[in-house]
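Structural overview for review
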Amino acid sequence: MRRLLLGMTAVLGTLLAGCAQFPDEHPRPWGDQPSLEPQAGPQPSIEGEPPPNDDRPTPPQAPPQSVGCEDPDPAVVATCLDPVGAMVVLPDGQSALVGERATGRVLRVQRGEKPVELAQIPVDPSGGGGLTGLALSPSYHEDELFYAYVTTSSDNRVVRVAAGDRPKPVLTGIPKGATGNSGAMLDDGQGALLIATGDAGNPANPANPQSLAGKVLRIDGFGKPAESNPDPKSPVVAAGLTAPGGLCGTPAMGMYWVTDRSGGQDALYRVRFGQPLGSPAWTWAERPGVAGCVADPSTVVVALRDAAALYTLHPAPDGSFTGQPTKVMENTYGRFSAAALGPDGLLWLGTSNKDGGSPKSSDDRALRIEPPSGGSAGKD
């Protein structure tokens with residue numbers, strides 16, 4: 001009997017030891033992703049960052065702090081820039097062109113490398129102007145040219161730039177005023193350039209067919225009206241803007257968007273060639289400072305300068321919006337100004353914290369993150 005009891009005790013001990021190898025009774029749920037909801041403490045996901053493999057809860061930590069121009073945040077691509085006025089991603093998806101609004105400098109930036117100055121375009125930053133638009137040549141793979149929308153001492157204009165060469169005027173004579181000089185640019189994916197122009201401080205300009213102010217223009221690489229424009233003799237494809245902040249779109253669907261800041265509200269318009277902009281697709285009565293934007297078939301992301309956040313909306317094929325828009329990444333990096341979408345789907349952002357914000361030592365910065373997917377928060 002004693003031998004039997006000893007044997008049973010040994011077997012029982014083995015079974016109990018095996019129980020200690022069971023998984024944690026509170027495993028991390030499958031498929032959890034970092035949340036960009038404001039209440040969740042947004043943490044952008046960076047390409048190449050390995051997923052966490054420790055199931056134990058991690059105590060909250062303070063965000064990494066910059067020291068001088070050194071910024072340990074893995075989302076940061078470039079630091080100590082002047083306020084960013086425009087941005088466009090290069091075809092490799094790893095680098096981008098950044099335009100500084102007040103200095104007119106255009107730099108190529110890439111994570112882990114020092115920015116390289118490609119050009120410095122003379123600009124007048126008064127009245128919201130300066131360098132506010134960038135776009136790659138529709139044939140960039142062959143010519144490596146890029147275009148900029150700039151304010152000069154006498155007008156607003158489009159210039160063509162080859163790295164290391166003097167800018168060449170392409171479209172000049174766009175009215176300049178005490179306000180309303182901002183603009184935006186976009187390669188429309190069909191061999192032409194779209195340009196959004198401000199009203200130059202004159203509310204009558206958008207309705208004036210003889211003025212290029214307050215319009216959406218469509219031109220070729222030489223500044224001429226693009227083929228298939230509604231009026232083949234005119235670059236104007238839409239009218240009704242005050243102070244545009246960004247142009248974005250999904251060329252495959254023929255859907256384009258422009259952000260605008262008017263006296264009474266901020267707005268997002270859908271651009272339909274040959275039609276007035278009409279009523280906005282979305283408005284912000286609190287005027288959060290809409291700036292650059294990016295779009296894909298399911299999402300439009302708008303950078304907010306004054307609200308220091310991003311705003312995500314979900315368009316339907318008819319140009320309306322479905323679900324609930326969401327404000328995300330609020331007060332994470334400060335004032336967002338420029339936005340661009342890379343060929344890999346990653347979102348590039350520029351900040352303008354030195355221009356009316358609370359800059360850190362590493363501001364202003366260029367960032368590269370996973371785009372927010374939005375959520376269930378209500379309309380602001």
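Quick note: structure is the one above.
Residues numbered from 1 in each chain as written. Predicted model: local features only at pLDDT ≥ 70, side-chain atom pairs only at ≥ 80, totals over all residues. Heavy atoms only, no water.

**Topic: unusual backbone geometry**
Note the cut-off: Note on conventions: DSSP H or I runs of at least 4 residues are helices, E runs of at least 2 residues are strands, and numbering of each starts at the N terminus. Only protein chains enter the area calculation, which uses a 1.4 Å probe; residues under 20% of their type maximum are buried, those over 50% are exposed, and those in between are partly exposed.
Cis geometry is found at the peptide bond from Asp-363 to Asp-364, where omega equals -5 degrees. Position of Asp-364 among the secondary structure elements: in the loop between strand 23 (347–351) and strand 24 (366–369). The backbone of Ala-200 shows a phi angle near 55 degrees, a positive value even though the residue is not glycine. The buried category is assigned to Ala-200, whose relative accessible area is 11%. Even without glycine at this site, Asn-331 takes up a positive phi of about 55 degrees. You can see Asn-331 is positioned in the loop between strand 21 (321–328) and strand 22 (336–341).

**Considering the sheet that holds strand 6 (residues 131–136)**
What counts here: A pair of strands is labelled paired if DSSP reports no fewer than 2 bridges between them. Interaxial angles span 0 to 180 degrees and are taken between N-to-C directions of axes, which are lines fitted to C-alpha atoms, for helices over the stretch in contact.
With respect to topology, 4 strands assemble into an open sheet ordered 6-7-8-9, the strand pairing being antiparallel. Looking along the sheet, the strands with just one partner apiece sit at the ends: strand 6 and strand 9 (168–174). Strand-to-strand twist across the sheet, computed as the mean angle between neighbouring axes with direction ignored, equals 15 degrees. Relative to strand 8 (residues 156–161), strand 7 (residues 146–151) runs antiparallel, the two being bridged by 6 bridges.

**A short note on the packing of aromatic side chains**
Counted only if it meets this: In this analysis, rings of Phe, Tyr and Trp, with Trp reduced to its six-membered ring, are considered paired at centre separations within 6.5 Å, and the interplanar angle assigns stacked below 30 degrees, edge-to-face beyond 60, and tilted for intermediate values.
Enumeration over the complete set of coordinates arrives at 5 aromatic pairs. Ring geometry for Tyr-256 and Phe-273: centres 5.6 Å apart, planes at 15 degrees, overall stacked. Of the two residues, Tyr-256 sits in strand 15 (residues 255–261) while Phe-273 sits in the loop between strand 16 (266–271) and strand 17 (282–284), which places them 17 residues apart along the sequence. Residue classification places Phe-273 among the partly exposed residues on the basis of a relative accessible area of 29%. Judged by centre distance (5.3 Å) and plane angle (75 degrees), the ring pair of Trp-284 and Tyr-311 falls under edge-to-face. Of the two residues, Trp-284 sits in strand 17 while Tyr-311 sits in strand 20 (residues 309–315), which places them 27 residues apart along the sequence.

**Considerations on empty space enclosed by the protein**
Applied cut-off: Both site types are read off a 1 Å grid over the protein atoms alone. A 1.4 Å probe that fits but cannot get out defines a cavity, while an open set with protein on both sides within 12 Å along at least five of seven lines defines a pocket; lining residues have an atom within 4 Å of a point. Grid points are joined across faces, edges and corners, and a volume is the space filled by probe spheres set on the points.
Enumeration according to the criterion identifies 1 cavity of 30 Å³ or more in this entry. In this structure, the largest cavity spans a volume of roughly 30 Å³. Lining the largest cavity are Arg-108, Val-109, Gln-110, Glu-113, Lys-114 and Val-116. Per-element tally for the lining of the largest cavity: the top contributor is strand 4 (residues 105–110), with 3 residues.

**So, the state of the cysteines**
Rule in force here: Whenever a pair of cysteine sulfur atoms sits within 2.5 Å, that pair is classed as a disulfide.
Taken as a whole and judged by the stated rule, the model has 2 disulfides. Here Cys-69 pairs with Cys-80 through a disulfide, and the sulfurs are 1.9 Å apart. Of note, the bridge from Cys-69 to Cys-80 carries an S-S torsion of about -105 degrees and is left-handed in sense. In this pair, Cys-69 is assigned in the loop between helix 1 (2–19) and strand 1 (76–78) and Cys-80 in the loop between strand 1 and strand 2 (84–89), connecting sequence segments 11 residues apart. Taking relative accessible area as the criterion, Cys-69 reaches 42% and is therefore assigned partly exposed. Cys-80 gets classed as partly exposed once you look at its relative accessible area, which sits at 28%. Disulfide pairing places Cys-248 opposite Cys-293 at an S-S distance of 2.2 Å. With the S-S bond torsion at -110 degrees, the cross-link from Cys-248 to Cys-293 turns out left-handed. On the criterion of sequence distance, the pair formed by Cys-248 in strand 14 (residues 244–250) and Cys-293 in strand 18 (residues 290–296) is long-range, its members being 45 residues apart. The same class applies to Cys-248 and to Cys-293, which are both buried.

**Considerations on the layout of surface pockets**
The condition that has to hold: By the convention adopted, Pro, Cys, Tyr, Trp, Phe, Met, Ile, Leu, Val and Ala count as nonpolar, Lys, Arg, Asp and Glu as charged, and the other residues, Gly among them, as polar.
By volume, the second largest pocket amounts to about 810 Å³. Lining of the second largest pocket is provided by 39 residues; of these, Val-88, Leu-186, Asp-187, Ala-340 and Leu-341 occupy positions nearest its centre. Those elements that place two or more of their residues in the lining of the second largest pocket are strand 2, strand 6, strand 10 (183–187), strand 14, strand 18 and strand 22. A per-element tally of the lining of the second largest pocket places strand 14 first, with 6 residues. For the lining of the second largest pocket, the per-class residue count stands at 25 nonpolar, 12 polar and 2 charged.

**Quick word on the sheet that holds strand 18**
Read across the open sheet, the 4 strands follow the order 18-19-20-21; overall the sheet is antiparallel. Either end of the sheet is taken by a strand with one partner, and the two such strands are strand 18 and strand 21. In this sheet, neighbouring strand axes are inclined to one another by 15 degrees on average, regardless of whether the strands run parallel or antiparallel. Both strand 20 and strand 21 contribute to a ladder of 5 bridges, which runs antiparallel. Paired with Tyr-311 across the strands is Lys-327, a residue of strand 21.

Purely geometric stuff here, so don't read any function into it on its own.
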